[in-house]
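Remarks on the overall topology
One letter stands for each residue in the lines below.
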Amino acid sequence: MTSTKHNEIIVEQFSKQAIPFAKISGHLDSVKILIDMSEVGNADNVLDVACGPGLVACAFASIAKSITGVDITENMIEQAKVRQKDMGIKNIAWDIGSVSPLPYDDNTFSIVLTRYSFHHFVDPESVLSEMKRVCRPGGRIMVVDVALPPEKVEFFNSMERLRDPSHTKALTHNEFQILFEKSNLKKCRQGTYSVEVELNQQLKSSFPNPGDDVRVQSLIEQDVGKNNLGVNAYKKGGKVYYSYPISIHVGLKE
């Protein structure tokens, strides 16, 4: 599939997901970890790549000098602006644009980050290269996304492509490490956390093709106690819960 066609699928999916995505509580629970690992300060100019409804950008805005959020989906930017207004934040600018290439000059930002986006990219290596290009020497680059062991990743990818047709490929832990090594980023650090969701709520926030929601529900319910998908599904109070395993990778541009 071409990048152009895939971008059309992303826009279609996240135009629908813009409002429900912003309301999933687990997406806010982890922001403090990102703030701590990025070492953001009040002199930093931050770029949030594929910023979605602005959850991360608005959190970083309480510390950083300025924030720029860019996303290909107009509905996501609209939700981000609503959030910014509701929170009374002044130091954020929003752009509608692609990630490859990024619409910014070389060496513009002191921190360039992205969260929950790399599994949507056809060519994540080129996106990381663009993030590095627009980052200043001495600045930090942070990528936060789902990552799995190699023996589970294909099962996970098959399930996620059913739930979200814009899903391309989750990377393994080793693939992320290789990606950062090839980029020549220095002093690389890693962290992890998980985002727990309730199955029915997650499906209501998703827009799979007709019938695929039933297939996803069956796959996850059958994985309880097995964990072939790598999401640690379990039952509690008549409901099914599962978790997305998230990796944080931070590197320094020399």
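What comes next is a walk through the structure.

Rules and cut-offs
Along each chain, numbering runs from 1 in the same order as the chain's sequence is written. Local features in this predicted model are restricted to residues whose pLDDT is 70 or higher, and side-chain atom pairs enter the listing and the counts only when it is 80 or higher, whereas totals over whole chains, interfaces and linings include all residues. Only hydrogens and water are set aside; all other atoms, that is, all heavy atoms of the structure, feed into the side-chain values. Any pair of Phe, Tyr and Trp rings, taking the six-membered ring for Trp, is counted once the centres come within 6.5 Å. Such a pair is stacked with planes under 30 degrees apart, edge-to-face with planes over 60 apart, and tilted for the rest. Accessibility here uses a 1.4 Å probe with only protein chains present; expressed as a share of the type maximum, an area under 20% marks a residue as buried, one over 50% as exposed, and anything in between as partly exposed. Strands here mean DSSP runs of E at least two residues long; helices mean DSSP runs of H or I at least four residues long; both are numbered from the N terminus. Any carboxyl oxygen of Asp or Glu that lies within 4 Å of a side-chain nitrogen of Lys or Arg is treated as forming a salt bridge with it. Here, the arc refers to the directions that run from the helix axis to the C-beta atoms. Note on definitions: a residue-residue contact is assigned when non-hydrogen atoms from the two residues lie within 4.5 Å.

**Some remarks on the packing of aromatic side chains**
Two aromatic rings are characterised by how far apart their centres lie and by the angle between their planes. All told, the structure shown has six aromatic pairs when counted by the stated rule. Residues Tyr-104 and Phe-109 carry aromatic rings whose centres are separated by 5.3 Å and whose planes lie at 90° to one another, so their mutual orientation is edge-to-face. Assigned by exposure class, Tyr-104 and Phe-109 land together as buried.

**Side note on unusual backbone geometry**
Cis peptide bonds are those with omega within 30 degrees of zero, and the linkage from Ser-100 to Pro-101 qualifies with 10°. Despite not being glycine, Lys-187 shows a phi value in the positive range, around 50°. With respect to the helices and strands, Lys-187 occurs in strand E7 (residues 186-198). In the Ramachandran plot, Asn-232 falls in the positive-phi region, its phi being about 50° despite a non-glycine side chain. With respect to the secondary-structure elements, Asn-232 resides in the loop between helix H10 (212-222) and strand E8 (234-236).

**Notes on the pattern of salt bridges**
For the structure shown, the criterion picks out eight salt bridges. Notably, a salt bridge pairs Arg-133 with Glu-130, separated by 2.9 Å at the nearest N-O pair. Of this pair, Arg-133 and Glu-130 are both found in helix H6 (residues 124-134), three residues apart, which corresponds to roughly one turn of the helix. Of the residues examined, Arg-133 reaches a relative accessible area of 24% and is grouped as partly exposed. Residue Glu-160 is joined to Arg-163 by a salt bridge in which the shortest nitrogen-to-oxygen separation is 2.8 Å. Here Glu-160 pairs with Arg-163, and both are found in helix H7 (residues 150-163), just three residues apart, close to one helical turn.

**Quick notes on H10**
Considered for burial, the residues of H10 that qualify are Asp-212, Val-216 and Ile-220. The buried residues of H10 occupy an angular sector of 70° when projected down its axis, which confines them to one face. Facing away from the buried side of H10, by more than 90 degrees, are the exposed residues Val-214 and Gln-222. In this fold, the buried residues of H10 make contact with H7, helix H9 (199-204) and strand E9 (239-252).

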